[in-house]
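Okay, here's what each chain looks like letter by letter:
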Amino acid sequence: MISQEMFFDLFGVHVRQLAGVNGVTDDDAERIIQIFAEAMKNPYMDERHIYQRLIENRDVVV
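Residues numbered from 1 in each chain as written. Predicted model: local features only at pLDDT ≥ 70, side-chain atom pairs only at ≥ 80, totals over all residues. Heavy atoms only, no water.

Between its terminal C-alpha atoms helix H1 (residues 4-22) stretches 26 Å, which fits the 27 Å expected from 19 residues at 1.5 Å a residue. Residues of H1 that are buried include every one of Phe-8, Gly-12, Val-15 and Ala-19, and no others. Along the long axis of H1, the arc covered by the buried residues comes to 70 degrees, so they all point the same way. Of the exposed residues in H1, those oriented more than 90 degrees away from the buried face are Leu-18, Gly-20 and Val-21. Tucked into the core, H1 has its buried residues touching helix H2 (26-41). Just past H1, the residue Gly-23 takes up positive phi, approximately 75 degrees. (Helix = DSSP H or I, 4+ residues; strand = E, 2+ residues; numbered from the N terminus. Expected span 1.5 Å × (residues − 1). Buried < 20%, exposed > 50% of the residue type's maximum accessible area, 1.4 Å probe, protein only. Arc of directions from axis to C-beta. Contact = heavy atoms within 4.5 Å.)

For the rest of this paragraph, the subject is the side chain of Arg-31. Looking at the element boundaries, Arg-31 is found in helix H2. In this structure, Arg-31 is buried with no salt-bridge partner, the nearest side chain bearing the opposite charge being Asp-28 at 4.7 Å. A distance of 2.7 Å separates the side chain of Arg-31 from the backbone oxygen of Arg-53, its partner in a polar contact. Engagement of the side chain of Arg-31 in a polar contact is seen with the backbone oxygen of Leu-54, the distance being 3.3 Å. (Lys, Arg positive; Asp, Glu negative; His and termini not counted. Salt bridge = Lys/Arg side-chain N within 4 Å of Asp/Glu carboxyl O. Polar contact = N/O pair within 3.5 Å; in protein donor to acceptor, adjacent residues only side chain to side chain.)

In structure tokens form, the structure reads like this:
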């Protein structure tokens, strides 16, 4: 079984790869990783909360 830490590491690798291909900055990629890591730890954080966090005060293309 995959551990939560391993999942976060794999997720981070893929987000960084996709960010590079799609022109997303390193700072925004790290922010996306952080938001999704928070969502995985918070059972009450659903897609509406994630989306809101992604668009808050930033120009991240979703």
